[in-house]
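Residue strings, one per chain:
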Amino acid sequence: MAAKSWRTEDWVAVYLGFFVIAVVLAAFSWKWFDLGVASSTFRWTADAQIAGSTPGWRAALDDVAKEARAKGRKELAARAGGLKAALDKGERKGIEKAAGDLSKAGGRNTVAGTLGSEMRGHAAATADKVFSAGNLGKVLTVGIALLVIGAAGFALIGGNVGAFLIGFPAVFVLAWLARVIAGNGLFIDYGVEYVIFALVMGLLVSNTIGTPKWLRAAVQTEYFIKTGLVILGAGLLFLEVIQAGVLGILQAVLVVFVIWYVCFWFARKLRVDDDFAAMLSSSVAICGVSAAIATCGAIRGDKKKLSYVTSLVLICAVPMMIVMPWIVKAVHMPDVMAGAWLGGTLDTSASVVAAGALISDAAMKTGVIVKFSQNALIGVAAFILVVWWTYKAGARAGGEKPSAAIIWERFPKFVLGFLIASAVFSFFLPQPLVDGTKSVLGELRVWWFALAFVCIGLETRFVDLATMEGGRPALAFLGAQAVNIVWTLLLAWLIFGGVLFPVPDIK
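Since the structure is predicted, the reported quantities are computational estimates derived from the model, not experimental observations.

## Topic: the overall build of the chain
Then, number 1: For the chain, the count of helices and strands is 26 helices and zero strands.
Then, number 2: Computed over the C-alpha atoms, the radius of gyration of the chain is 23 Å, within 12% of the 23 Å expected from 2.2 N^0.38 for a compact globule of 507 residues.
Then, number 3: When the backbone C-alpha atoms are referred to their principal axes, the chain occupies close to 70 × 55 × 50 Å.
Then, number 4: Out of the 507 residues in the chain, the part that is buried amounts to 53%.
Then, number 5: Nonlocal contacts in the chain, meaning residues at least 24 apart in sequence, comprise 79% of its contacts between residues at least 6 apart.
Then, number 6: Charge-centre separation for the chain: the mean point of 45 positive side chains lies 1 Å from the mean point of 33 negative side chains.

Laid out in structure tokens, this is it:
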């Protein structure tokens, strides 16, 4: 390597990501410390929200009890009745216990089990837990760890470490506030993610008082995103795709490649630049925000465009999650086919589970299978985009095809880190180790992304987002999403509807 090539932001992000992963793996294996210290509580639901949700819950419990009695499941019907009685009393502890009993009786990936888990989560989620000394202590511990790790990496890059140390706590506090707001039960139910609130927090500062000079050294969007993407690789497992089944993989591949091309074509026709088009295409074709982040990193895209795409994804997700199950019921669509449709069009696993639960157990399970298959294609898409964009850069530079050495030089090294992490966790680590560290690594990844989106907001003006390219990117996104809904419905009918293959036995 050249003298300082190993100290570029890309390489340092790889070092930091691998360091975080290695520490978590070692701590789990040799019990160095309790990994629970990294998992803070952010979820909270107010008493008034519990009361407001009660009528809907009671109706859902009536459906669960009716179906349970029809199937001869007397215990499940009794648990549903017990939970209704607890709701009548209005005591959160009683609701929490009764909901837990229903969840246990219903089992995983069932409507009854999901409903019980949802209600138990709301009943147990009180604000005093979020603001308790113990929980705030965990947040502080993570903040200090990220400060030390981030400062060490910033020193390797050659940044002003002193200024970074001064500004980082403010960025971290804004990220924490964003996660607290996103932890409210209302936003959890509608699948509104923390990234939108992190972006808003940064925008509020930059568009009111302006981003102070003392804070700017810690506004390191790409540095935080790249580190988070390396850690993200540990959570995207190739084996999950294999386990999802051939039909889920087939639909995922056809959705991703066709819809990606359609969105890119729309964007070009609307005179949207290629970087913007790639982020839009990945978000609508693969899995929303995570895919957009990975694409932005792979092509070294504009952070303002990433925030625009993120906003579009989240704005569209909520109405789709509500309307699509209603359409399924209105046209009496078969449950397995409906789940495949939901899994191929909704952008997050949480929204797929929530929408599927409104239909049936089979719909929810099928949707999760298809969504897992699409999620795992992030790495493939990132690799293809990196190589393509490298060739594009070479063509712009002189029209000659770049050599292997030039491709390596331009290849974003953090994408390599992402792929290595995914391969290691997919094929080389024992499953208990992978399962035991998954939630902690996921939590730490969320922190890095939350910091990154706060920084995007701190660097962005509202007017920039509102007027970006005259609304043409939004038209491309919406047009591609419309095609996605129709194309995925056709595939779900052909693949999961018994036309080309027998209907899978998913119950």
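Once the structure has been displayed, the description carries forward.
## Looking at helix α14 (residues 246-269)
Then, number 1: Over its 24 residues, α14 extends 35 Å from the first C-alpha to the last, a length consistent with the 34 Å expected when each residue adds 1.5 Å.
Then, number 2: When we look at burial in α14, the residues that qualify are L247, G248, Q251, A252, V255, V256, I259, W260, V262, C263, F264 and A267.
Then, number 3: Positioned one or two residues after α14, R271 has a phi angle of 60°, which is positive.

## Quick word on the packing of helix α18 (residues 335-345) against helix α26 (residues 472-496)
Then, number 1: Relative orientation of the contacting elements α18 and α26 amounts to 145°, with a least axis distance of 8 Å. Relative to α26, α18 is oriented so that their crossing is right-handed. Every residue of α26 that contacts α18 at V336, M337, A340, W341, G344 and T345 is listed here: Q481, N484, I485, T488, L489, A492, W493 and F496.
Then, number 2: Of the residues in the contact of α18 with α26, the class split is nine nonpolar, five polar and no charged.

## Description of the confidence of the model for the chain
Then, number 1: Of the residues in the chain, 93% have a pLDDT of 70 or more, and the chain-wide mean is 87.
Then, number 2: Here helix α13 (residues 238-244) is the element of the chain with the lowest mean pLDDT, 60, and helix α8 (residues 161-182) is the one with the highest, 97.

## Describing the packing of helix α12 (residues 221-232) against helix α23 (residues 413-428)
Then, number 1: Where α12 contacts α23, the axes come no closer than 7 Å and their chain directions differ by 20°. The orientation of α12 with respect to α23, classified from their angle, is roughly parallel. In the crossing of α12 with α23, the sense of the turn from one axis to the other is right-handed. Here K226, L229, V230 and L232 of α12 come into contact with α23, specifically with F414, G417, F418 and A421.
Then, number 2: Grouping the constituent residues of the contact of α12 with α23 by class yields six nonpolar, one polar and one charged.

## Considerations on unusual backbone geometry
Then, number 1: At K31, a residue that is not glycine, the phi angle is positive and equals roughly 55°.
Then, number 2: Inspection of the secondary structure puts K31 in the loop between α1 (9-30) and α2 (47-70).
Then, number 3: For K31, a relative accessible area of 61% gives the class exposed.

## Here's the deal with the nonpolar core
Then, number 1: Ranked by size, the top nonpolar core spans 145 residues in total, and within it F168, F224, L306, W447, L451 and F453 carry the most contacts.
Then, number 2: Residue contributions to this core peak at 17 residues, all from helix α24 (residues 431-458).
Then, number 3: When neighbours within four sequence positions are excluded, F168 is seen to be in contact with G143, L146, L147, A218, F224 and L451.
Then, number 4: Residues V64, A68, L76 and L102 belong to the second largest nonpolar core, which totals 21 residues.

## Remarks on the packing of aromatic side chains
Any two aromatic rings considered together are summarised by their centre-to-centre distance and by the angle between their planes.
Then, number 1: Inspection of every chain in the model, using the stated rule, returns 18 aromatic pairs.
Then, number 2: Through pairs of rings, three or more aromatic residues link up here, namely F42, F154, F164, F168, F172, Y223, F224, W447 and W448.
Then, number 3: The aromatic ring of F28 is capped on one face by K31, whose charged end is 4.8 Å from the ring centroid.
Then, number 4: Positioned above the aromatic ring of W447 is the side chain of R179, whose terminal nitrogen or guanidinium carbon lies 4.9 Å from the ring centre.

## Re the environment of F224
Then, number 1: As for its placement among the helices and strands, F224 is situated in helix α12.
Then, number 2: In the structure, F224 is positioned 206 residues away from F18 in sequence and 14 Å away in space, judged by C-alpha atoms.
Then, number 3: Every residue in contact with F224, bar those within four places of it in the chain, is listed here: F164, F168, A218, W448, L451, A452 and C455.

## Re the pattern of salt bridges
Then, number 1: Applying the stated criterion to the full structure yields 13 salt bridges.
Then, number 2: Note that E443 is salt-bridged to R179, the shortest N-O span being 2.8 Å. With a gap of 264 residues between them, E443 in helix α24 and R179 in helix α8 connect regions that are remote in the sequence.
Then, number 3: Classification of E443 as buried rests on a relative accessible area of 12%.
Then, number 4: Connected through salt bridges with shared partners, the residues E9, D10, E222 and K226 form a single ionic network.

Scoring rules and cut-offs
Note that residues are indexed from 1 along each chain, following the sequence as it is written. Confidence filtering applies because this is a predicted model: local features only for residues at pLDDT of at least 70, side-chain atom pairs given and counted only at 80 or more, and all residues used for totals across whole chains, interfaces and linings. The side-chain values count all of the structure's non-hydrogen atoms but skip hydrogen atoms and water molecules. The numbering of helices and of strands both runs from the N terminus, where a helix is a DSSP run of H or I of at least 4 residues and a strand a run of E of at least 2. For the radius of gyration, the atoms used are the C-alpha atoms, and the globule rule reads 2.2 Å times the number of residues raised to 0.38. The buried label goes to any residue with under 20% of its type's maximum accessible area, the exposed label to any with over 50%, and the partly exposed label to all in between, with areas taken from a 1.4 Å probe on protein chains only. Between two residues, a contact is recorded if the distance between any of their heavy atoms is within 4.5 Å. His is not counted, nor are the chain ends; Lys and Arg add positive charge and Asp and Glu add negative charge. Just so you know, the charge point we use is NZ for Lys, CZ for Arg, CG for Asp and CD for Glu. Expected span of a helix, by definition, is 1.5 Å for each gap between consecutive residues, and there is one gap fewer than residues. Lines are fitted to the C-alpha atoms to define the axes, a helix being fitted only along its stretch in contact, and any angle between axes, read from their N-to-C directions, falls within 0 to 180 degrees. Crossing handedness: left-handed means the near helix sits turned counterclockwise from the far one by under a right angle, and right-handed means the same turn made clockwise. Each residue is assigned to one class: nonpolar for Ala, Val, Leu, Ile, Met, Phe, Trp, Tyr, Cys and Pro, charged for Asp, Glu, Lys and Arg, and polar for all the others, Gly among them. The predictor rates its confidence in each residue with pLDDT, a number between 0 and 100. Should an angle fall under 35 degrees it is called roughly parallel, over 145 degrees roughly antiparallel, and 65 to 115 degrees roughly perpendicular, with every other angle called oblique. We define a nonpolar core as any set of buried Ala, Val, Leu, Ile, Met, Phe, Trp, Tyr and Cys residues linked to one another through side-chain atoms lying within 4.5 Å. The aromatic pairing rule takes the rings of Phe, Tyr and Trp, using the six-membered ring of Trp, and pairs them if the centres are within 6.5 Å, calling planes under 30 degrees apart stacked, those over 60 edge-to-face and the rest tilted. Charge over a ring is defined by NZ of Lys or CZ of Arg lying within 6 Å of the ring centre and within 35 degrees of the ring normal. A pair is scored as a salt bridge if a Lys or Arg side-chain nitrogen falls within 4 Å of a carboxyl oxygen belonging to Asp or Glu.

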